[in-house]
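# Architecture at a glance
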Amino acid sequence: MTGHLTWTELKLLVREPLVLILSLMFPILLMVLLVTAFRDHTGSVFADLDGDVFYVTAYLGAAVAVMGFMGTPTHLAGYRESGVLRRFRAAGVGAPALVVSQTAVLAVLAVVGAAAMIVLAYAGFNLAAPASIGGVVAAFAAGVLAFAGIGTFLGSVMPSARAAQGLGLLLFLGTFLLVGGGPPPGVLPGVVNDIAAWTPIGLLIDAIRAPWADGALDGPAMAVLVAIATVGFALATRRLRRT
Amino acid sequence: MDTVISVDHLRKTYADVVAVDDVSFNVHHGEIFGILGANGAGKTTTVEILQGLRAPTGGRLEVLGLDPHRETDRLRRRLGAQLQASALPDRLRVAEAVRLFGRLHTPRVDVGATLEAWGLDRLRDRPFGVLSGGERQRLFVALALLGDPDIVVLDELTTGLDPTARRATWDVVRQVRAGGTTVVLVTHFMDEAESLCDRVAVMDGGQIVACDTPRGLTARLGGPVTITFDVTGRLDRTTLLAVPGVDSVTIDAAQVTVAGQSVAAAGVAVALAEQGIRPDDYRTRYPTLEDVFLSLTGRPPSGRNRT
């Protein structure tokens, strides 16, 4: 059932390409803009990375976060609002199957977004390769799981698609701007940077940057991401069981 | 006559709202059991508790020998449901929906045969979002009956359908019962309950106010049978009053109204014929569940559909 539901959700996603395009367009365009502006900059303000690496890694994180904060919660809350969730649950579609299928969709969208960004960055800006590709992929995967946990949990509690979209936008913009989505965090007060580093997106971006710059994994960040994933999935499954 | 559903003193409260208040009833195998009432009476809450979609606040209930709240997954394999406010993803196609829900049953559901049996074959590639109200209901009933459940719950099945689609849907329900499935039919349409149900529980304000066959309810609670006709010339009232079952005779200009029990209907016609009177526009009106509802609750039902 889980496999078939996942396959069905992916088919539905492909039939609505506007979702794909619109949700990923914003991060991709902004990334291109910022890389263009700051590629030749470096220094402590950019965490001692080259400007282009700084923003590409930030936006790889954004691709995942936009899905986790907005895409998945809106989709699931929409299902609840329209009665699709009740229809599934009444027929016996299990909560785990719902969580897994939504995670798969989030993963596909995040990978498509990330791939588009990387292709643009390499082709357009000659981006330097990461020190450890495997490490970056592992960090990205941990981020996908963490944000899938957050997204399915939010989707299981938000009463409507509109409410989910509103909260999601707040969470996304609120945290993303703090971690380098806009002005480099280095120009923000120290305490803001300290807090931002512990937000899910802060953790994800740190986890991606460590292997990119040095080849080493950021153990603590990855561990917290996995913990977020576990808690998120558990809460989402419990909540969806009660629908 | 086995009891497939037994409900004892069921109660459901939300904060200070009592949605279901001390409800008790049984449903027998193979019958179409109606739960009839206006919107907000507590009907949907009751059947959702039966299906394990909501938890009861109090009371005992057993469906097919199982506790819906604790054995929900086991129950879901034997109970099909067509929910009141439900939908499928707009772009999900009809055949895909049948295939997806079919996965929940063993043995594997034959998608093609199911589509044909429910007249959905020519709609197989149609997305859910573009189906008409009647087509959606047909699909939902088909989905509810996948895997041959022992009981099927139909909640407001014909709301929003045009008269032809309603009649066609009623035939579907009769077909379902003929196949051996017990049907629990939730409706606010009096004519639907009267036409389809073997027994009806009338709900109002979270309580069951009466439960019997439609005939039993109308005979006991529906008020008199009324016979009206127009007559020219003199009419002997006393002869009519003497007809067995007649309670009253009212004459207003040329129109005569006779009220009484159903046995009076034929007797009045015979009495008129014996007097050599040929009445015009002779009508007999039997009480309906609408009259029953009015007498039980003091209000007309909402959402009347006299088609």
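Counting from 1, residues in each chain are numbered in the order their sequence is written. The order in which chains are written sets their letters, starting at A; the order in which ligands are written sets their numbers, starting at 1. Two thresholds apply to this predicted model, a pLDDT of at least 70 for residue-level local features and 80 or more for giving and counting side-chain atom pairs, whereas whole-chain, interface and lining totals are computed over all residues. Here the side-chain values reflect all heavy atoms present in the structure, with hydrogen atoms and water set aside.

### Digging into the pattern of salt bridges
Whenever a carboxyl oxygen of Asp or Glu lies within 4 Å of a side-chain nitrogen of Lys or Arg, that contact is scored as a salt bridge. Evaluation of the coordinates by the stated rule reveals 21 salt bridges over all chains. For Glu96(B), the salt bridge is made with Arg15(A), and the minimal N-O distance between the two is 2.5 Å. Of this pair, Glu96(B) sits in helix α3 (residues 94–102) while Arg15(A) sits in the loop between α1 (2–14) and α2 (17–38), each in a different chain. The pair Glu96(B) / Arg15(A) is uniform in exposure class, with both members buried. For Arg60(B), the salt bridge is made with Asp8(B), and the minimal N-O distance between the two is 3.3 Å. On the criterion of sequence distance, the pair formed by Arg60(B) in strand β4 (residues 58–63) and Asp8(B) in strand β1 (residues 3–14) is long-range, its members being 52 residues apart. Put simply, Lys11(A), Arg15(A) and Glu96(B) are held in one network by salt bridges that share partners. The secondary structure listing takes helices from DSSP runs of H or I that are at least 4 residues long and strands from runs of E that are at least 2 residues long, numbered from the N terminus. Burial here depends on accessible area, computed with a 1.4 Å probe over protein chains only, as a share of the maximum for the residue type. Under 20% is buried, over 50% is exposed, and the range in between is partly exposed.

### Quick notes on the layout of surface pockets
In this analysis a 1.4 Å probe is tested at points of a 1 Å grid over the protein atoms alone, and where it fits but cannot get out there is a cavity; an open set with protein on both sides within 12 Å along at least five of seven lines is a pocket; lining residues have an atom within 4 Å of a point. Grid points are joined across faces, edges and corners, and a volume is the space filled by probe spheres set on the points. The space that makes up the largest pocket amounts to roughly 910 Å³. Along its surface, the largest pocket is lined by 33 residues, and Glu16(A), Val19(A), Gly71(A), Thr74(A) and His75(A) are the ones closest to its centre. Listed by contribution, the elements that provide at least two residues to the lining of the largest pocket are α1, α2, α3 (51–82), α5 (95–125) and α7 (161–176) of chain A. The biggest single contributor to the lining of the largest pocket is α3(A), with ten residues. Ten residues, namely Ala, Val, Leu, Ile, Met, Phe, Trp, Tyr, Cys and Pro, are considered nonpolar, four, namely Asp, Glu, Lys and Arg, are considered charged, and the remaining ones, Gly among them, are considered polar. Tallied by class, residues from the lining of the largest pocket come to 20 nonpolar, nine polar and four charged. Empty space within the second largest pocket amounts to approximately 390 Å³. If you go around the second largest pocket, you meet 19 residues; those closest to its centre are Arg89(A), Arg241(A), Arg242(A), Gly52(B) and Thr72(B). Elements that contribute at least two residues to the lining of the second largest pocket include exactly α5 of chain A together with β1 and α2 (72–76) of chain B. Residues that form the lining of the second largest pocket fall into these classes: six nonpolar, six polar and seven charged.

### Some words on the sheet that holds strand β5 (residues 79–82) of chain B
Residue and element names in this part refer to chain B. Strand pairing is assigned whenever DSSP identifies at least 2 bridges connecting the two strands. As summarised here, the arrangement of the six strands in space is β5-β6-β7-β3-β8-β9, forming an open sheet in which the pairing is mixed. Sheet topology places β5 and β9 (207–212) at the edges, where each strand pairs with a single neighbour. When the angles between neighbouring strand axes are averaged without regard to direction, this sheet yields 15°. In this structure, strand β3 (residues 32–36) lies alongside strand β7 (residues 182–187), joined through five bridges in parallel fashion. Across the sheet, Leu-36 pairs through a bridge with Thr-187, a residue of β7. Note on definitions: a residue-residue contact is assigned when non-hydrogen atoms from the two residues lie within 4.5 Å. Axis lines are fitted to C-alpha atoms, over the contacting stretch for helices. Their N-to-C directions set the angle, which ranges from 0 to 180 degrees. On the sheet, helix α1 (residues 43–50) packs against β3, β5, β6 (151–155), β7 and β8 (199–204) and is oriented at approximately 150° with respect to β7. Helix-sheet contacts for helix α8 (residues 214–221) involve β8 and β9, and the interaxial angle to β9 is about 105°.

### Description of the UniProt feature "domain: ABC transporter" (unreviewed entry) in chain B
UniProt positions are given in the numbering used here, feature names are shortened, and annotations may be inferred rather than shown by experiment. When the UniProt feature table is mapped onto this chain, "domain: ABC transporter" (unreviewed entry) is found at residues 5–230 of chain B. Counted over residues 5–230 of chain B, helix gives 32% and strand 29%. Its end C-alpha atoms are 50 Å apart.

### Topic: the domain arrangement of chain B
The domain boundaries assigned to chain B delineate domain 1 (3–219) and domain 2 (224–286). Computed over C-alpha atoms, the centres of domain 1 of chain B and domain 2 of chain B are 43 Å apart. For the purposes of this description, domain bounds are those given by an automatic or database domain assignment.

### Here we look at the nonpolar core
Of all hydrophobic cores here, the largest spans 63 residues; its most connected members are Phe88(A), Leu88(B) and Leu139(B). Filtering out sequence-adjacent residues up to four positions away, Leu88(B) remains in contact with Val84(A), Arg87(A), Phe88(A), Ala97(B), Phe101(B), Phe128(B), Leu139(B), Phe140(B) and Leu143(B). Core analysis: the next-biggest nonpolar cluster, separate from the first, contains 57 residues, Val56(A), Leu106(A), Ala114(A) and Phe172(A) among them. Nine residue types can take part in a nonpolar core, namely buried Ala, Val, Leu, Ile, Met, Phe, Trp, Tyr and Cys, and a core is a set of them joined through side-chain atoms within 4.5 Å.

### A short note on the sheet that holds strand β13 (residues 280–285) of chain B
All names here are of chain B. The four strands are arranged β11-β12-β10-β13 in an open sheet whose pairing can be described as antiparallel. Lying at the two open borders of the sheet, with one neighbouring strand each, are β11 (246–252) and β13. In this sheet, adjacent strand axes meet at a mean angle of 10° when their direction is disregarded. Relative to β13, strand β10 (residues 225–230) runs antiparallel, the two sharing four bridges. When the sheet's bridge partners are listed, Asp-230 is paired in β13 with Asp-280.

### Concerning the packing of aromatic side chains
Any Phe, Tyr or Trp ring, taking Trp's six-membered ring, that has another such ring centre within 6.5 Å forms a pair; planes under 30 degrees apart are called stacked, those over 60 apart edge-to-face, and the others tilted. By the definition in use, this model includes eleven aromatic pairs over all chains. A centroid spacing of 5.0 Å and a plane angle of 85° characterise the contact between Phe54(A) and Tyr55(A), whose relative ring orientation is edge-to-face. By relative accessible area, which is 1% here, Phe54(A) ends up buried. Assessed through its relative accessible area of 0%, Tyr55(A) is described here as buried. Taken together, Phe26(A), Tyr59(A), Phe172(A) and Phe176(A) form an aromatic cluster joined through their ring pairs. Taking NZ or CZ as reference, Arg136(B) lies 4.4 Å from the ring centre of Phe128(B), over its face. Cation placement over rings: the criterion is NZ of Lys or CZ of Arg within 6 Å of the ring centroid and within 35° of the ring normal. Between Arg166(B) and the ring centre of Phe189(B), over which it is positioned, the NZ or CZ distance is 4.3 Å.

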